[in-house]
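Architecture and fold: a report
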Amino acid sequence: MLKKIFILSFVIIFLFSCENLLSQSGMKFAEFKKKLTSYFDDELINDIEKLMPQGSVYNIWGWDVGDFSNDEHNDVAFAVRMSGDKRKIVQVFLFVDIDGFLLNVGTYPFSYVEIPLEVGVVIRDKTCFITKKNEQYNWEIIGYQFRDGNLNLKESYSTQRILNYTYENTLDYINLKGIKRFVTTSNNKEEFSANYKIIPSYPRGRQIYKGFSNEIIVDRVENVGTGAYYWSGPDDASFKAKSAYDSDNLYLTIKIIDDQFVASTCENCYSDFLEIWFDANLYSQNQSRYFKIIDKKVDFVKKIDRGIYSLKIYPGDFTETKPYVREVSSTDDMDIYQQEASKKIRVSATLFDSHYVLRFKIPWALFGFDKAPVDDNNFTELGITLIYNDIDNEYRPEELSQIASSENFVNFNPSTYSTLVLIPDEKWFGESINIFVEDILKNLFDSGF
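The following refers to the structure shown. (Residues numbered from 1 in each chain as written. Predicted model: local features only at pLDDT ≥ 70, side-chain atom pairs only at ≥ 80, totals over all residues. Heavy atoms only, no water.)

1. Regarding the pattern of salt bridges
Heads up, the rule is: What makes a salt bridge here is a side-chain nitrogen of Lys or Arg within 4 Å of a carboxyl oxygen of Asp or Glu, nothing more. Each helix is a run of DSSP H or I of at least 4 residues and each strand a run of E of at least 2, with the numbering of both proceeding from the N terminus. Each residue's exposure class comes from its accessible area (1.4 Å probe, protein chains only) as a fraction of the maximum for that residue type: buried when under 20%, exposed when over 50%, partly exposed otherwise.
Applying the stated criterion across every chain, the model contains 15 salt bridges. Close ionic contact of aspartate 67 with lysine 126 constitutes a salt bridge, the shortest N to O distance being 3.0 Å. Linking aspartate 67 in the loop between β1 (58-66) and β2 (75-82) with lysine 126 in the loop between β5 (120-124) and β6 (127-135), this pair joins segments that are 59 residues apart in sequence. Given the relative accessible area of 12%, aspartate 67 is considered buried. A salt bridge links glutamate 190 to arginine 181; the shortest N-O distance between them is 2.7 Å. Judged by relative accessible area, glutamate 190 falls into the partly exposed class, the value being 41%. Taking relative accessible area as the criterion, arginine 181 reaches 14% and is therefore assigned buried. Here the residues in one salt-bridge network are Asp67, Glu72 and Lys126, joined through shared partners.

Structure representation (structure tokens):
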């Protein structure tokens with residue numbers, strides 16, 4: 001979060017320091033070339049000029065040089081305003097050094113409010129950040145990375161004024177993390193924050209291409225809500241999780257690392273197990289899981305009394321005792337169909353040399369849905385938190401560590417849950433563009449495919 005604030009502050013300072021200098025016309029490419037000579041050979045600079053719109057008059061309004069392709073070579077990004085364009089739009093060009101050539105890997109239009117300098121470019125932490133002003137108190141930062149021929153959307157950060165608060169929202173599409181934060185605008189005092197994992201759930205059987213992430217990693221001390229003293233690190237207890245769905249069921253696969261696995265050999269024995277909490281309420285843009293606006297005041301959600309479900313999954317002992325589900329419970333009175341659905345939860349467990357894997361499916365009917373609550377045009381979000389309960393000695397159950405997919409988890413407070421995102425067909429969580437796709441398709445076409 002501090003990194004985003006630094007980048008936003010950097011761009012704003014740059015904007016106002018340069019406004020008097022460039023507010024009339026920007027910078028011609030000939031002047032831009034002179035500035036680039038400190039970073040690139042003339043041949044590389046000529047690569048840029050050749051790939052720019054030929055025969056067009058344009059000016060550069062913001063630029064930066066750095067490495068966002070993670071190859072220790074400089075790349076460059078800059079914002080261009082086309083002369084004669086009556087729209088308040090600049091084009092941001094991203095150029096990457098690939099095998100000694102500067103190639104255009106992406107071009108994106110961004111609108112501005114008053115002056116083109118409101119669209120800024122900063123390259124930091126192997127990422128190219130593009131900052132734009134939407135309106136007063138409303139800024140947006142979008143970060144891109146170039147990896148293995150793919151231009152990937154790394155993260156987005158936005159600020160928005162909501163009554164007397166500034167609302168900050170960060171989404172990390174690569175590491176699948178989210179941060180939501182409210183600060184009082186007048187004094188920058190934090191009033192609310194949520195740090196959580198995001199689990200994209202794709203239709204079952206869909207191939208996930210490189211450049212898109214679909215598996216969370218839970219292995220940091222910040223995720224150990226209980227028993228951090230007894231937790232010695234990721235090798236002690238940690239897990240990865242991913243999800244899929246079909247019309248009837250939700251599927252979850254959990255890869256668990258545990259250096260001292262305590263098997264569940266009887267119902268009342270102390271053992272390691274996985275605990276899952278669901279917030280099955282569906283939320284819209286006008287109804288947040290984190291806050292409500294009541295009587296012109298922001299009310300932060302701290303507890304709800306409907307739509308919460310929990311269950312515990314025990315892996316067994318991988319020999320005689322099979323994995324099983326225990327204690328399916330809900331804040332709601334489950335009807336007969338939901339009770340029947342709870343009996344149809346299926347679990348499997350597989351032991352490997354250094355970890356074990358839990359796989360299970362949960363009928364949507366358990367949550368009261370006739371089928372998967374998927375919108376063909378938009379993402380559907382549900383609250384979910386996975387908690388691995390780890391004890392290293394069954395005779396000392398008080399030495400329990402709980403590592404969760406969300407920080408500061410509270411049972412009936414949905415604002416502390418992680419997020420399960422149901423992705424409809426033809427849509428992706430994030431963005432990834434392979435710059436070689438057109439060449440590959442052309443070669444296939446020329447070969448008769």
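2. Observations regarding empty space enclosed by the protein
A water-sized probe, rolled over the atoms, reveals where empty space remains. Heads up, the rule is: Only protein atoms enter the 1 Å grid used here, on which a cavity is any set of points holding a 1.4 Å probe that cannot leave and a pocket is any open set flanked by protein within 12 Å on both sides along at least five of seven lines; residues with an atom within 4 Å of a point are listed as lining. Grid points are joined across faces, edges and corners, and a volume is the space filled by probe spheres set on the points.
Per the counting criterion, the structure on display carries one cavity of 30 Å³ or more. Empty space within the largest cavity amounts to approximately 30 Å³. Every residue lining the largest cavity is listed: Leu153, Tyr173, Ile174, Gly211, Phe212, Ser213, Phe429, Gly430 and Glu431.

3. Here's the deal with unusual backbone geometry
A negative phi angle characterises most non-glycine residues, just as the trans form characterises most peptide bonds. Phi at asparagine 70 takes a positive value of approximately 60°, unusual for a residue other than glycine. By the element assignment, asparagine 70 lies in the loop between β1 and β2. For asparagine 70, a relative accessible area of 41% gives the class partly exposed. Look at leucine 163: it is not a glycine, yet its phi comes out positive at around 55°. With respect to the helices and strands, the residue leucine 163 is situated in the loop between β8 (150-162) and β9 (165-172). The exposure class of leucine 163 is partly exposed, given its relative accessible area of 38%.

4. Section: helix α2 (residues 29-36)
Going by this rule: This arc is built from the directions going out from the helix axis to the C-beta atoms. By the convention used here, residues are in contact when the closest approach between their heavy atoms is within 4.5 Å.
Residues of α2 that are buried: Phe29, Phe32 and Leu36. For α2, the angular spread of buried residues about the axis comes to 50°, placing them on one side. Looking at α2, the residues exposed on the side facing more than 90 degrees away from the buried face are Ala30 and Lys34. Those residues of α2 hidden inside the fold are in contact with α3 (42-51), β1 and β2.

5. Some remarks on the side chain of lysine 197
Put simply, the rule is: Throughout this description, a polar contact denotes any pair of N or O atoms lying within 3.5 Å of each other; where both atoms belong to protein, one of them has to be capable of donating a hydrogen while the other can accept it, and for residues adjacent in sequence the pair is counted only when both atoms sit in side chains.
Relative to the elements of secondary structure, lysine 197 occurs in strand β11 (residues 190-203). There is a polar contact of 2.9 Å between the side chain of lysine 197 and the backbone oxygen of isoleucine 217. When neighbours within four sequence positions are excluded, lysine 197 is seen to be in contact with Leu176, Lys177, Ile216, Ile217, Val218, Ser405, Ser418 and Thr419.

6. Some words on the sheet that holds strand β4 (residues 101-111)
To keep it simple, the criterion reads: Strand pairing is defined by DSSP finding a minimum of two bridges between the two strands. Think of each axis as a best-fit line through the C-alpha atoms, taken over the contacting stretch in the case of a helix, with angles from 0 to 180 degrees between the N-to-C directions.
Spatial ordering of the open sheet is given by β1-β2-β3-β4, a layout of four strands whose pairing is antiparallel. Across the chains shown, the open sheet's two edge strands, defined by having one partner strand only, are β1 and β4. The average undirected angle you get between the axes of adjacent strands in this sheet is 20°. As defined by bridge partners, strand β3 (residues 89-98) adjoins β4 across ten bridges and the pair is classed as antiparallel. Across the sheet, residue valine 92 finds its bridge partner in β4, namely tyrosine 108. Those strands touched by α2 are β1 and β2, and its axis lies near 15° from that of β1. Set on the sheet, α3 makes contact with β2, β3 and β4; between it and β4 the angle comes to about 45°.

7. Observations regarding a negative patch on the surface
Rules: Candidate patch residues must exceed 30% relative accessible area and have no salt bridge, after which like charges are joined if within 9 Å and Val, Leu, Ile, Met, Phe, Trp or Tyr side chains if within 5 Å. All accessible areas in this document rest on Shrake-Rupley with a 1.4 Å probe, and a residue is counted as covered only by the protein chains that are shown. Two residue types count as positive, namely Lys and Arg, and two as negative, namely Asp and Glu; His and chain ends fall outside the count. Here the site of a charge means atom NZ of a Lys, CZ of an Arg, CG of an Asp or CD of a Glu.
A contiguous patch of negative charge on the surface is contributed by Asp375, Asp376, Asp425 and Glu426. Residue placement: aspartate 425 occurs in the loop between β25 (418-422) and β26 (432-434).

8. So, the packing of aromatic side chains
To be explicit about the condition: Any two of the Phe, Tyr and Trp rings considered here, Trp counted by its six-membered ring, make a pair once their centres fall within 6.5 Å; the pair's planes then place it as stacked at under 30 degrees, edge-to-face at over 60, or tilted in between. For a ring to carry a charge above it, either NZ of a lysine or CZ of an arginine must fall within 6 Å of the ring centroid while also lying within 35 degrees of the normal to the ring plane.
Applying the stated rule across the entire model yields 36 aromatic pairs. Judged by centre distance (5.3 Å) and plane angle (65°), the rings of phenylalanine 318 and tyrosine 356 are edge-to-face. One end of the pair, phenylalanine 318, is in the loop between β19 (308-314) and β20 (324-330); the other, tyrosine 356, is in strand β22 (residues 356-363), and 38 residues separate them in sequence. By relative accessible area, which is 3% here, tyrosine 356 ends up buried. The structure contains a cluster of three or more aromatic residues connected by ring pairs, namely Phe29, Phe32, Tyr39, Tyr58, Trp63, Phe78, Phe93 and Phe95. If you follow arginine 204 out to its NZ or CZ, it ends over the ring of tyrosine 251, 4.1 Å from the centre. Across the ring face of tryptophan 428, the terminal group of arginine 206 is positioned such that the distance to the ring centre comes to 4.1 Å.

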